[in-house]
Amino acid sequence: EGATFIKSALEGESFGMSGAKIIIEEFLVGEEISVFALTDGKSIKYLSVAQDHKRVFEGDKGPNTGGMGAYASTSLASPRLMEHVHNTIIIPTLETLKSQGIVYKGVLYAGLILTSKGPQVLEYNCRFGDPETQVLLPLLETDFALLVKAVVEEELESLEINLSPKKAVCFVAASGGYPGDYTKNKVIHGLDKTSSLVFHAGTKKEKHEILTNGGRVLNIVVLANTIKEARKKALVELEKISFEAMHYRKDIALKELTRPLVSVIMGSESDLPILKETLKIF
C-alpha cells in the first residue's frame, strides 16, 4: 500500500506537482486525539478534547478523508494525560516560538497519537479543526466573542472558560465516491425534518432547493448527556436526510463506548490492582 501511494504521488496522479517531493516519517500506532490549546502569548487554556475519524469507511478502513465525524469529549484525555501534554508538548512548543521572536496568539490544534511510548505529535494546525469544531463550539458555554477578545488583548488568564458537561457527536454525510471522484448537484431532502444541529459544508442553494456541492456535504451534530445517547439521536436524524449516493459512517464514537476496559488494560503500573480485579470477572 505504501509503495502504491508513493508511486501515485511522485507520478503526479494524486496531488499533481504537490506530490513531486515527499517526506517519509515514522509511523505512529495508536488512537488519535485532537487537543485545542488557546493562548494569548502569555497563558494557555483548553477546549474539550475531541477525536476525529479520518478513514472513509467504518472500522477505520479505506483512504483518509478530511474527517468523517468527531465527538467530544473523550475519556482518553484524562487529567493525567492532559497534564503531560501541557508540560511536554504545548508549553515547549510555545516557548520555542517565543525564542524565535514569535508571540503566538490564537488556537494551537495538536493532533496527537497515543502510542505505547506516550503521546506523540502527528500534526499541528494554526486553526480550528474540521469536523472537530462542530462538536467543540456547541460545548463551549463561554461567549466565543469574549474568548477571541481575551486572546487578542492578552487577557485570557482572567477569562473563565466554561465547558458543558454534555457530550457532542458529529456525523458527516458525504457524497458517494469521496474522497475520490464524486458528483455534485444532487438535491438534498429532509433538512426541514431534522431537529439536530446541521452545519452545511459542501452545499449550495438554487432557487428553493439545497444541492450537494462538495465531498463532505453536511455535518449532523447532537448534544446529549452521554455519547451513547448522542450517537443514537444523531443516527435517527440522519435517517431523515437523503441525497443520491449519500454516504456516512455509522460507527462514529463507537470506540468510546467500549474503551473503559481497554483503558485499564493499557494503563500504567498503578492500574495493576484494578486490572487484577477486573480479570477475576472473566
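Throughout what follows, the structure given in this document is the object of discussion. As the structure is a computational prediction, the values presented were derived from the model and not from experiment. (Residues numbered from 1 in each chain as written. Predicted model: local features only at pLDDT ≥ 70, side-chain atom pairs only at ≥ 80, totals over all residues. Heavy atoms only, no water.)

A few points about a nonpolar patch on the surface
This is how the line gets drawn: Note that patches include only residues with greater than 30% relative accessible area and no salt bridge, and the join distances are 9 Å for like charges and 5 Å for nonpolar side chains (Val, Leu, Ile, Met, Phe, Trp, Tyr). For accessible areas, the Shrake-Rupley method is used with a probe of radius 1.4 Å. Any residue's cover is judged against the shown protein chains and nothing else. The term salt bridge refers to a pairing of a side-chain nitrogen on Lys or Arg with a carboxyl oxygen on Asp or Glu at a separation within 4 Å. Strands here are runs of E lasting at least two residues and helices are runs of H or I lasting at least four, both read from the DSSP assignment and numbered beginning at the N terminus.
Judged by side-chain polarity, L137, F144, V148 and V152 come together as a nonpolar surface patch covering roughly 300 Å² of accessible area. Of all the elements, helix α4 (residues 144-152) adds the most residues to the nonpolar patch, at three residues. Its location among the elements puts F144 in helix α4.

Quick word on the packing of aromatic side chains
Operational definition: Centres within 6.5 Å are what make two rings of Phe, Tyr or Trp a pair, Trp counting through its six-membered ring; a difference in plane orientation under 30 degrees is then read as stacked, over 60 as edge-to-face, and the rest as tilted. Per-residue accessibility, obtained with a 1.4 Å probe over protein chains only, is compared with the maximum for each type, and a residue is labelled buried under 20%, exposed over 50%, and partly exposed between these values.
A full pass over the atoms with the stated rule returns five aromatic pairs. Seen from their ring centres, F5 and F15 are 5.9 Å apart, and the 65° between their planes marks the pair as edge-to-face. Residue F5 is found in helix α1 (residues 2-10), and its partner F15 is found in the loop between α1 and β1 (31-39); the two are separated by ten residues along the sequence. F5 gets classed as partly exposed once you look at its relative accessible area, which sits at 48%.

A word on the pairing of β1
Applicable threshold: Pairs of strands are assigned from DSSP output, requiring at least two bridges between the strands.
When you tally the buried positions in β1, you get eight out of nine residues, the bulk of the element. Two elements, β1 and strand β2 (residues 44-46), share three bridges in a ladder whose sense is antiparallel. Within the sheet, the bridge partner assigned to T39 lies in β2 and is I44. Hairpin connection, β1 to β2: the antiparallel pair is bridged by four residues, and G41 has positive phi, about 95°.

So, the nonpolar core
Note the cut-off: Note on terminology: a nonpolar core comprises buried Ala, Val, Leu, Ile, Met, Phe, Trp, Tyr and Cys residues joined through side-chain atoms within 4.5 Å.
Among the nonpolar cores identified, the biggest contains 22 residues, and L38, L47, V135, L147 and I161 are the most heavily contacted of them. Looking at this core, the elements with two or more residues in it are β1, β6 (69-72), β7 (106-115), α3 (133-139), α4 and β9 (167-175). Core analysis: the second largest hydrophobic core is formed by 19 residues, V217, A224, Y248 and I252 among them.

Such coordinate-based values are descriptive only and should not be taken to indicate function.
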